[in-house]
Amino acid sequence: MSSVNLMAREVAAKIVFYGPGLSGKTTTLRKIYETVRPAHRGEMMSIATEGDRTLFFDFLPVKVERVGDCSVRLALYTVPGQVFYNATRKLVLQGADGVVFVADSQPEAMDANRESLANLEENLFEHGIRLDRFPLVMQWNKRDLDSVLPVEVLRKELNPRGVPEFETAATNGRGVLDTLKAITRLVIKDLRAKRIVPPPRPTTPGAGAQPAGLEAQLTQHLQNRQQPPPGPQVSFGGGPAPALATAPVPRVAPVAVVPQPRVEVSPVSATQTGPKLLGAASALASGDMFDHARAAEAAFMSGEYATCVTACTDAIRRALAFAGEGSLAQQAYLLRVDGADLLRFQGLATQQHIRVDDAAFALYVLMQVFVRLNAVGLPNAE
Ligand SMILES: Nc1nc2c(ncn2[C@@H]2O[C@H](COP(=O)(O)OP(=O)(O)OP(=O)(O)O)[C@@H](O)[C@H]2O)c(=O)[nH]1
Ligand SMILES: [Mg+2]
């Protein structure tokens, strides 16, 4: 769902962390949240079951101020890895500009890794995208455990195309930012090739020296200098990294039925003591949209899902009105909000019983509208 505001030279891109259940997608996003300077990210939103399994998605907005002469806003999402949530995975994948495949390096997870990669390929194909031409980075996760497969085996099985790959330990952060930088680089390159992102402006003689390269600029803007460095450097294909003393992760046996979840939306922080009130939608909202987003999030958090959908409907109508007079469909078209999502969202109005995932979906559509408004700079015209 890339978009470019040419005046501000601002690019918005969507990156999805994909992979089998329990491979470490949510942990990766949390680590990014902890590592990136607060000024460069919003709140993280997680919708999970009691056992911390992702039910719908995790979302984290990140802003990189300058990449070349563009600002980049990244919308980072994770999918739920459990096999029975495929409809949700497909939905979250919609409009993605790049994917990080988070593989679990343990031998017993290989079947699940393979299945998940095949599932990614299939779901992208349904969106008209071929995986072998799509920005993709492999994240070999849980390298801190003793019994992990050699990288060569993972590569042979899961990365025959030879896309960039990183050994990571999401729990301690090792390699996580390197992975994010690599996918950002690939996405920008891809958007430049498709001419969605303008080529860099030639530098004016006498202007201040540009920081060296995209890598350096991403590092400079992402790294939280108050935090200790995330760990040793990533090695590329140099055999398994030295194991750190960490308890092995118990693998939960797959369950045949969808559990009835206790769901929370929680901004996540390592140092946080209680839930913060600001959710992802209100973090993206501007002007008087803020109160509406807050109302929708508050209703969600207190389990009033129908109220949440009503609040989102109200907020979306007001937000789309920034695109000018006309029907909702015309306004959505002008803002390039996904039509299928909007139709499904409108269908909620006639639905008798609003469930948790309906409310989460309404918040998702609201966030999408805010991201689009921000990308075209419309709320500033208020
Ligand atoms: N040792 C170790 N444990 C990890 C690592 N990454 C994640 N874990 C653990 O693995 C378990 C699952 O992690 P999650 O991040 O919730 O996995 P997920 O991929 O989001 O799972 P779903 O939401 O079900 O798809 C948790 O207990 C994490 O602490 C890692 O690099 N090393
Ligand atoms: Mg998860």
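Below you will find a few notes about this structure. (Residues numbered from 1 in each chain as written. Chains lettered and ligands numbered in written order. Predicted model: local features only at pLDDT ≥ 70, side-chain atom pairs only at ≥ 80, totals over all residues. Heavy atoms only, no water.)

### Details of the pairing of strand 2 (residues 10-18)
Where a strand is regular, its side chains alternate between the two sheet faces. To keep things clear, this is the line we draw: Only protein chains enter the accessibility calculation, which uses a 1.4 Å probe; a residue whose area is less than 20% of its type maximum is buried, one above 50% is exposed, and one in between is partly exposed. Runs of H or I in DSSP of at least four residues are treated as helices and runs of E of at least two as strands, each being numbered from the N terminus. The criterion for strand pairing is that DSSP finds at least two bridges linking the strands in question.
Of all nine residues that make up strand 2, nine are buried, and the element is covered over most of its length. As defined by bridge partners, strand 2 adjoins strand 6 (residues 98-104) across four bridges and the pair is classed as parallel. Pairing of Tyr-18 across the sheet is with Phe-101, part of strand 6.

### Some thoughts on the coordination of the magnesium ion (ligand 2)
Worth spelling out the cut-off: Here a donor is any nitrogen, oxygen or sulfur atom (N, O, S) within 2.8 Å of the metal, with 3.2 Å used for Na, K and Ca; water is not among the atoms considered, so some sites may look incomplete.
Those donors, Thr-26 (OG1) and Thr-54 (OG1), are the protein atoms that reach the magnesium ion (ligand 2), and they lie 1.9 to 2.0 Å from it. Linking Thr-26 in helix 1 (residues 25-35) with Thr-54 in strand 4 (residues 54-67), this pair joins segments that are 28 residues apart in sequence. In this structure, Thr-26 and Thr-54 share a single accessibility class: buried.

### Some points on the packing of aromatic side chains
Just so we agree on the cut-off: Planes of paired rings set the category: under 30 degrees apart is stacked, over 60 is edge-to-face and the rest tilted, where pairs are Phe, Tyr or Trp rings (Trp by its six-membered ring) whose centres lie within 6.5 Å.
Tallied over the entire structure, the rule returns seven aromatic pairs. Taking the centre distance of 5.0 Å and the plane angle of 55° together, the rings of Phe-59 and Tyr-77 count as tilted. With Phe-59 in strand 4 and Tyr-77 in strand 5 (residues 70-78), this residue pair connects regions lying 18 residues apart in the sequence. Neither residue differs from the other here; Phe-59 and Tyr-77 are each classed as buried. Taken together, a centroid distance of 6.1 Å and an interplanar angle of 35° make the contact between Phe-361 and Tyr-364 tilted.

### Considering the site of ligand 1
Going by this rule: We define proximity as follows: a residue is near a molecule or strand when any one of its heavy atoms falls within 4 Å of that partner. In protein, a polar contact means a hydrogen-donor-capable atom and an acceptor-capable atom, both N or O and within 3.5 Å, with residues adjacent in sequence counting only if both atoms are side-chain atoms; elsewhere, any N or O pair within 3.5 Å suffices. Only the protein chains shown count as cover for residues, and the accessible areas themselves come from Shrake-Rupley with a 1.4 Å probe.
Around ligand 1, the surrounding shell holds 22 residues, and the nearest of these are Lys-25, Thr-27, Arg-53, Gly-81 and Asp-144. The separation between an oxygen atom of ligand 1 and a polar main-chain atom of Ser-23 is 3.2 Å. At 2.7 Å, a side-chain N or O of Arg-53 approaches an oxygen atom of ligand 1. Protein contacts shield 87% of the accessible area of ligand 1, which totals 650 Å² for the unbound molecule. The biggest single contributor to the shell around ligand 1 is helix 1, with three residues.

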